[in-house]
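In case you want the letters, here they are:
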2 protein chains.
Amino acid sequence: MKYRIGLVGCGVVGRGFLEILAAKAENLKAKHGFEAKIVAIVDKLKGTAVAPAGIDIKKVLRHLGAGKSLDDYGPAKAQKAPAPEPVDIIGRVEADIIAELTYTDIKTGEPATSHIRKALQTGKHVVTSNKGPAALHYRELAGLAAKKKRQFRIEGTVMSGTPIFTLAERGFAGNEIREIKGILNGTTNFILTKMEIDGMEYAEALALAQKLGYAEADPTADVEGFDALAKVVILSNVLLGGSLKPTEIKPRGISSITKRMVGEAQAEGCRYKLVAYTRRAGGKIEAGVEPRKLPLSDPLTGVMGAQNALTFDLDLLGPVTIQGAGAGKLATGDAILQDILAIHHDLR
Amino acid sequence: MKYRIGLVGCGVVGRGFLEILAAKAENLKAKHGFEAKIVAIVDKLKGTAVAPAGIDIKKVLRHLGAGKSLDDYGPAKAQKAPAPEPVDIIGRVEADIIAELTYTDIKTGEPATSHIRKALQTGKHVVTSNKGPAALHYRELAGLAAKKKRQFRIEGTVMSGTPIFTLAERGFAGNEIREIKGILNGTTNFILTKMEIDGMEYAEALALAQKLGYAEADPTADVEGFDALAKVVILSNVLLGGSLKPTEIKPRGISSITKRMVGEAQAEGCRYKLVAYTRRAGGKIEAGVEPRKLPLSDPLTGVMGAQNALTFDLDLLGPVTIQGAGAGKLATGDAILQDILAIHHDLR
């Protein structure tokens, strides 16, 4: 089957996805009977290209790589004066699937939520790696998708392409998930690793993370636990049936952890990790983010550097831990491909 | 949908599966729209019960728990003089799915392979946790299943119910698996853990494993690597497209590892693990089992005691590690349920 796909947002993840599509087109056709045609790319900063006949992926990647605007890409040029809003293009474009890949605004979930709503309302499936809509409006959007008989898939929102939703929904079929806990922020894990292995103070390790591009100039979202919190809210609402809002929970981050505390933990055979957790307890869901001193026998203590990991506690299987990439161009681009292949698999 | 299921072999795994079905019947109906009717239980030692109207699961578990023969269970009694061979019952029984749960014979794969062949030939789906047929005859049986438009599923053959085949086939869609390596034998991992943590010599740790029921009186299959080898052959043939036979590869086990070697590794910041591996290399598949001294930064070194783990090296996602139960009544019983739910999901 051949799918018409529209990209909204074409930053790192969008380009990662396009690179994978270009490299794997033949393989995907041979192995999965899957073909894709990119019919639109819409980006607030990089412009808009709409091409019902399909955009040449390699050509558009070169175009973007040269810093040129999508407004100047090929035949789309003549179509756009004045430039329409993304949400209008999403409504009008003839596409089967919209990949929502704009930047996360965890406070409002916009403009991504409006994009997703419009796509579902106009009969498109939606795949996204954007944490905002998933953390703030999952129930509403999943409900709208069900009503429209379309899919709303979010594999890339937690642990990038490491397939935790597929694992939980398919692999754990028959199990009840009692608790999910893990390391969902690579920046803080990198900082804690550097403090322990190289004996750095917190400020020194943070500066290194910023220098290497793992942490942003304002590191609050990472180091104070807000990024991990958004992800654990998604896990709560998608996998445990909760209806939490990120604002209901106050995360605790790692900015108060000192080199001395890390050393003392080490002497006790323990290791500090920033743990995000969610569990069912007496009909309610308890979720949070906090630094914990874990014994080295805990599989989460083996997760070093920028990797992520989750331990699911299951009634039949006991604990199952999955560890893998938590970010990255190809890893997150692959999350988008996985979600699209899952739609393909269900439609075949 | 309601499925008619026949069990061939009713040891630990079969009873685990029946216990789960009894406990979760309502949940499976509500959540998955799945219902099951056990129409036959066939066991060389415990006798045979055939009941087209369905066997009362709780009653038959009490019956077996009291040490009684299935030949004396309910209305089946009158039907069976002389007792037919399992393969005849498999051919004749009106069932949608056969769960093959007899003991593994890794040299011949029998009688399980004959059971599976007969079930597929007579139009039944087959699920199994039996390593013999999967390691020796996967290609033939999967081909027969495809020809008959039935499924042949084997989640329980490697890492019990820890869902590694679902993960690889669904979660890694779009990725190429370059290498799979891991800890696939809980007995040897328990022995190595005891040698390191409690400073035991090999013989002492083995004796403890035997006392606790982790190792058999003749521990050869575990300690010399044959059990892990069978599993890595399955991974090679199912996930890497290989056609290896267990007899083509000579495993290396842990019987030559001494307390002193374990201590020396520890002093170097390393840990001995019995590693099973398989990888694509120049159009061929290289697979084996050998003790390796791994640096503590390797996620596999965190796998202690009787747990199992696998690291998949993927072209897009990089390394992804999954750790979980490698054996156990409920964990393997759940593997059977997972495979049956996967068939249900595909048929809906």
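All values reported here derive from a predicted model rather than from experimental measurement.

A closer look at the overall build of chain A
A count of helical and extended segments in chain A gives twelve helices and eleven strands. Taking 20 Å as the expected radius of gyration for a compact globule of 348 residues, we find that chain A reaches 21 Å, a close match to that expectation. When its C-alpha atoms are laid out on the principal axes, chain A stretches across 65 × 45 × 40 Å. A burial count over chain A gives 58% of its 348 residues as buried. Residue pairs in contact within chain A that sit at least 24 positions apart in sequence constitute 69% of those at least 6 positions apart.

Describing the interface of chain A and chain B
In this assembly, 37 residues from chain A lie in contact with 37 residues from chain B. Approximately 2,900 Å² of surface area, both sides summed, lies buried where chain A meets chain B, with 58% of it carried by carbon and sulfur atoms. It is Arg170(A), Leu316(A) and Leu317(A) that lose the most area in chain A upon contact with chain B, and together they represent 20% of the buried surface on that side. Applying the counting criterion to the chain A and chain B interface returns twelve residue pairs in polar contact (both at pLDDT 80 or more). Counting only elements with at least two residues in the side of chain A that touches chain B, the list comes to helix 1 (12-32), helix 6 (164-171), strand 11 (318-324) and helix 12 (329-347) of chain A. In terms of residue count, helix 12 of chain A provides more of the side of chain A that touches chain B than any other element does, eight residues in total.

Description of the sheet that holds strand 3 (residues 47-50) of chain A
Residues and elements named next belong to chain A. Here we have six strands laid out as an open sheet, ordered 3-2-1-4-5-6, and mixed in their pairing. Edge positions in the open sheet fall to strand 3 and strand 6 (152-153), since each of these has one partner strand only. Against the sheet, helix 1 engages strand 1 (2-8) and strand 2 (35-43), with an angle of about 170° to strand 2.

A short note on the environment of Phe152(B)
Residue and element names in this part refer to chain B. Tracing the backbone shows Phe-152 in strand 6 (residues 152-153). Considered as a pair, Phe-152 and Ile-98 are 54 residues apart in the sequence and their alpha carbons are 9.8 Å apart. Apart from the residues within four sequence positions on either side, Phe-152 is in contact with Ile-116, Val-126, Thr-128, Tyr-138, Leu-141, Ala-142 and Ala-145.

Here we look at the relation of the copies chain A and chain B
The two copies are related by a screw operation: chain A maps onto chain B through 180° of rotation and 0.0 Å of translation along the axis, at an RMSD of 0.0 Å. Expressed as a symmetry operation, the mapping of one chain copy onto the other fits a two-fold axis. Residue Ile322(A), judged by its C-alpha, is the member of chain A lying nearest the rotation axis, at 2.2 Å. A shared binding surface is used by both copies, with 100% of the interface residues of chain A retained as interface residues in chain B.

Quick look at the environment of Leu274(A)
Residues and elements named next belong to chain A. Residue placement: Leu-274 occurs in strand 8 (residues 270-281). The sequence separation of Leu-274 and Ala-287 amounts to 13 residues, and the corresponding C-alpha distance is 13 Å. Excluding residues within four positions of it along the chain, Leu-274 makes contact with Gly-182, Ile-183, Thr-188, Leu-192, Gly-225, Arg-252, Gly-253, Ile-254, Val-289, Glu-290 and Pro-291.

Side note on the nonpolar core
With 147 residues, the main nonpolar core has Leu235(A), Phe312(A), Leu235(B) and Phe312(B) as its most contacted residues. Residues in contact with Leu235(A), not counting those within four places in the same chain, are Val158(A), Ile164(A), Phe165(A), Ile180(A), Leu184(A), Leu240(A), Thr278(A) and Leu310(A).

Let's talk about the pairing of strand 11 of chain A
For strand 11 of chain A, the tally of buried residues reaches six of seven residues, placing the bulk of the element in the interior. Direction of pairing for strand 10 (residues 308-314) of chain A relative to strand 11 of chain A: antiparallel, over a ladder of seven bridges. Following the sheet pairing, Leu310(A) is matched in strand 11 of chain A by Ile322(A). Count of turn residues in the strand 10 of chain A/strand 11 of chain A antiparallel hairpin: three residues. Where strand 11 of chain A lies against strand 11 (residues 318-324) of chain B, three bridges are found, and the strand directions are antiparallel. Bridging from a neighbouring strand, Thr321(A) pairs with Gln323(B) of strand 11 of chain B.

Here's the deal with helix 7 (residues 186-197) of chain A
Residues and elements named next belong to chain A. A rise of 1.5 Å per residue sets the reference length of helix 7, with its twelve residues, at 16 Å; its end C-alpha atoms lie 16 Å apart and thus fit the reference within 8%. Among the twelve residues that make up helix 7, ten are buried, leaving the element largely enclosed by the rest of the structure. For helix 7, the elements touching its buried residues are strand 7 (177-183), helix 8 (202-211), helix 9 (220-223), helix 11 (259-267), strand 8 and strand 10. Of the residues flanking the start of helix 7, the one acting as N-cap is Asn-185, its side-chain oxygen 3.3 Å from the backbone nitrogen of Thr-187. Directly after helix 7, the chain includes Gly-199, whose backbone phi takes a positive value near 60°.

Some remarks on the packing of aromatic side chains
All names here are of chain A. A full pass over the atoms with the stated rule returns eight aromatic pairs over all chains. Seen in terms of ring centroids, Phe-172 and Phe-312 are 5.1 Å apart; in terms of plane orientation they differ by 65°. Their pairing is edge-to-face. You can see Phe-172 sitting in the loop between helix 6 and strand 7 and its partner Phe-312 sitting in strand 10, a full 140 residues away along the chain. With respect to burial, Phe-172 and Phe-312 carry one shared label: buried. For the pair Phe-190 and Tyr-214, a centre-to-centre distance of 4.8 Å together with 80° between the ring planes defines the contact as edge-to-face. Residue Phe-190 is located in helix 7, and its partner Tyr-214 is located in the loop between helix 8 and helix 9; the two are separated by 24 residues in the primary sequence. Accessibility expressed as a relative area gives 40% for Tyr-214, which makes it partly exposed. In this structure, Arg-292 packs its charged tip against the face of Tyr-277, placed 4.7 Å from the ring centre.

What about the sheet that holds strand 1 (residues 2-8) of chain B?
Note on sheets: strands pair through backbone hydrogen bonds, and any given pair is parallel or antiparallel. Residue and element names in this part refer to chain B. Taken together, six strands build an open sheet; the order of strands is 3-2-1-4-5-6 and the sheet is mixed. Every interior strand has two partners, whereas the edge strands, strand 3 (47-50) and strand 6, have only one. Where strand 1 and strand 4 (residues 97-100) come together, four bridges link them in parallel fashion. Note on strand 4: the bridge partner recorded for Leu-7 is Ala-99. Lying over the sheet, helix 1 (residues 12-32) contacts strand 1 and strand 2 (35-43), oriented at roughly 170° with respect to strand 2.

Here we look at the confidence of the model for chain A
For chain A, mean pLDDT is 94; residues scoring 70 or higher make up 98% of the total. Of the two predicted TM-score estimates for the complex, the pTM is 0.95 and the ipTM is 0.95.

Structural notes on the side chain of Asp222(B)
Residue and element names in this part refer to chain B. For Asp-222, the position within the fold is in helix 9 (residues 220-223). With no salt bridge to any partner, buried Asp-222 finds its closest opposite charge in Lys-231, at an N-O distance of 6.5 Å. Looking at Asp-222, its side chain comes within polar contact range of the side chain of Thr-187, at 3.3 Å. Discounting chain neighbours no more than four positions away, the residues touching Asp-222 are Asn-185, Thr-187, Thr-188, Tyr-214, Ala-215 and Asp-227.

A short note on the packing of helix 1 of chain B against helix 2 (residues 57-65) of chain B
Residue and element names in this part refer to chain B. Helix 2 packs onto helix 1 with a crossing angle of 145° between their chain directions and a minimal axis gap of 9 Å. Between helix 1 and helix 2 lies a crossing of left-handed hand. Residues Arg-15, Leu-18, Glu-19, Leu-21 and Ala-22 of helix 1 pack against Ile-57, Lys-58, Val-60, Leu-61 and Leu-64 of helix 2. Grouping the constituent residues of the contact of helix 1 with helix 2 by class yields seven nonpolar, no polar and three charged.

Definitions and cut-offs
Residues numbered from 1 in each chain as written. Chains lettered and ligands numbered in written order. Predicted model: local features only at pLDDT ≥ 70, side-chain atom pairs only at ≥ 80, totals over all residues. Heavy atoms only, no water. Helix = DSSP H or I, 4+ residues; strand = E, 2+ residues; numbered from the N terminus. Rg over C-alpha atoms; globule rule 2.2 N^0.38 Å. Buried < 20%, exposed > 50% of the residue type's maximum accessible area, 1.4 Å probe, protein only. Contact = heavy atoms within 4.5 Å. Buried area = accessible area lost by both parts, 1.4 Å probe. Polar contact = N/O pair within 3.5 Å; in protein donor to acceptor, adjacent residues only side chain to side chain. Pairing = 2+ DSSP bridges. Axes fitted to C-alpha atoms, helices over the stretch in contact; angles between N-to-C directions. Least-squares fit on C-alpha atoms with pLDDT ≥ 70 in both. Core = buried A, V, L, I, M, F, W, Y, C linked by side-chain atoms within 4.5 Å. Expected span 1.5 Å × (residues − 1). Phe/Tyr/Trp six-rings, centres within 6.5 Å; stacked < 30°, edge-to-face > 60°. Lys NZ or Arg CZ within 6 Å of the ring centre and 35° of its normal. pLDDT = per-residue confidence, 0-100. Lys, Arg positive; Asp, Glu negative; His and termini not counted. Salt bridge = Lys/Arg side-chain N within 4 Å of Asp/Glu carboxyl O. Left-handed = near helix turned anticlockwise from the far one by under 90°. Nonpolar A, V, L, I, M, F, W, Y, C, P; charged D, E, K, R; others polar.

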